[in-house]
Amino acid sequence: MKYSAGVLLFRRAPEVRVLLGHMGGPLWARKDAGAWSIPKGEYEPETEDSLPAARREFTEELGLPVPDGDWVALGEVRYGSGRGKKQVLVWAVEGDLDPERMVPGTFEMEWPPRSGQLREFPEIDRAEWFDLTTAHEKLATGQRPFLQRLADHLDGVRAES
């Protein structure tokens, strides 16, 4: 199983919006629905705590630090099968960030397939703010539960006020 940790950045005005990244590389270039992700990345739970890993991976993917704010644990989700099985831990942080300032990290892959040529692609080719309904359509299926968990958390905060 692979372990990932990430940060779901959100803001409340004028409505709740979350920052998602469109997955980079040629396999995702023409896809939109289900092709967006919470900024996250892999870590080894035996050697690293998940919260610092989430902070690091957010910064690696977007090229920008996580804005200051309270970290709200949204728990974990497991998805995938076989060797593609993942356990993802996510925190929500309220803050703002200009997606135009993003300088994404990159990865290498053989492209075109079986060509023997390695090419470099951005991990995230763009980032955007979405309301929760739109985010649900855009986000990769396995990560969608985090949107409801954020909504539930915010509803609980409003109920306490």
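Coordinates for the structure precede this section.
It should be emphasised that the depicted structure is a prediction, and the values quoted were computed from it without experimental measurement. Here the residue numbering is sequential within each chain, running from 1 through the sequence in written order. The predicted origin of the model limits local features to residues at a pLDDT of at least 70 and limits the giving and counting of side-chain atom pairs to 80 or more, whereas totals for whole chains, interfaces and linings rest on all residues. Side-chain figures throughout are based on the complete set of non-hydrogen atoms in the structure, without hydrogens or water.

Observations regarding the packing of aromatic side chains
Inclusion rule: When two rings of Phe, Tyr or Trp (its six-membered ring) have centres within 6.5 Å they constitute a pair, described as stacked for plane angles under 30 degrees, edge-to-face for angles over 60, and tilted for the intermediate range. What counts as a helix is a DSSP run of H or I of at least four residues, what counts as a strand is a run of E of at least two, and both are numbered from the N terminus. Here's how the labels work: a residue is buried when its accessible area is under 20% of the maximum for its type, exposed when over 50%, partly exposed in between, all with a 1.4 Å probe on protein chains only. For a ring to carry a charge above it, either NZ of a lysine or CZ of an arginine must fall within 6 Å of the ring centroid while also lying within 35 degrees of the normal to the ring plane.
Tallied over the entire structure, the rule returns three aromatic pairs. Ring plane angle 85 degrees and centroid distance 5.0 Å describe the contact between Trp36 and Phe130, whose orientation is recorded as edge-to-face. Of this pair, Trp36 sits in strand S3 (residues 36-37) while Phe130 sits in strand S9 (residues 124-131), placing them 94 residues apart in sequence. A single burial state applies to Trp36 and to Phe130, both of which are buried. With a centroid separation of 6.0 Å and 35 degrees between ring planes, the pair formed by Phe107 and Phe121 is classed as tilted. Of this pair, Phe107 sits in strand S7 (residues 106-110) while Phe121 sits in strand S8 (residues 118-122), and the two are 14 residues apart along the sequence. The ring of Trp129 is capped by Arg11, whose NZ or CZ atom sits 4.1 Å from the centre of that ring. The ring centre of Trp28 lies 5.4 Å from the NZ or CZ of Lys31, which sits over that ring.

Description of the nonpolar core
Cut-off, in case you're wondering: Think of a nonpolar core as a cluster: buried Ala, Val, Leu, Ile, Met, Phe, Trp, Tyr and Cys residues, connected wherever their side-chain atoms sit within 4.5 Å. By the convention used here, residues are in contact when the closest approach between their heavy atoms is within 4.5 Å.
In terms of nonpolar packing, the biggest core is built from 20 residues, with Leu8, Val18, Leu20, Leu74 and Leu150 touching the most fellow members. Only strand S1 (2-11), strand S2 (17-23), strand S5 (71-79), strand S6 (86-94) and helix H3 (145-160) provide two or more residues apiece to this core. Top contributing element to this core by residue count: H3, with four residues. Beyond its immediate chain neighbours, meaning those up to four positions away, Leu74 contacts Leu8, Val90, Trp91, Ala92, Phe146, Arg149 and Leu150. Listed in part, the 19 residues of the second largest apolar core include Ala5, Tyr43, Ala54 and Val66.

Things to note about the environment of Leu97
Mapped onto the elements, Leu97 comes out in the loop between S6 and S7. Sequence separation of Leu97 and Leu19 is 78 residues, and the distance between their C-alpha atoms is 8.5 Å.

Some thoughts on the pattern of salt bridges
Two side chains with opposite charge may pair up if their charged atoms get near one another. Our working definition: Salt bridge criterion: a side-chain nitrogen from Lys or Arg within 4 Å of a carboxyl oxygen from Asp or Glu.
Applying the stated criterion across every chain, the model contains eleven salt bridges. With its nearest N and O atoms 3.1 Å apart, the salt bridge here joins Glu15 to Arg17. For Glu15, a relative accessible area of 36% corresponds to the partly exposed category. Looking at Arg17, the relative accessible area reads 22%, which means it is partly exposed. Close ionic contact of Glu76 with Arg78 constitutes a salt bridge, the shortest N to O distance being 3.4 Å.

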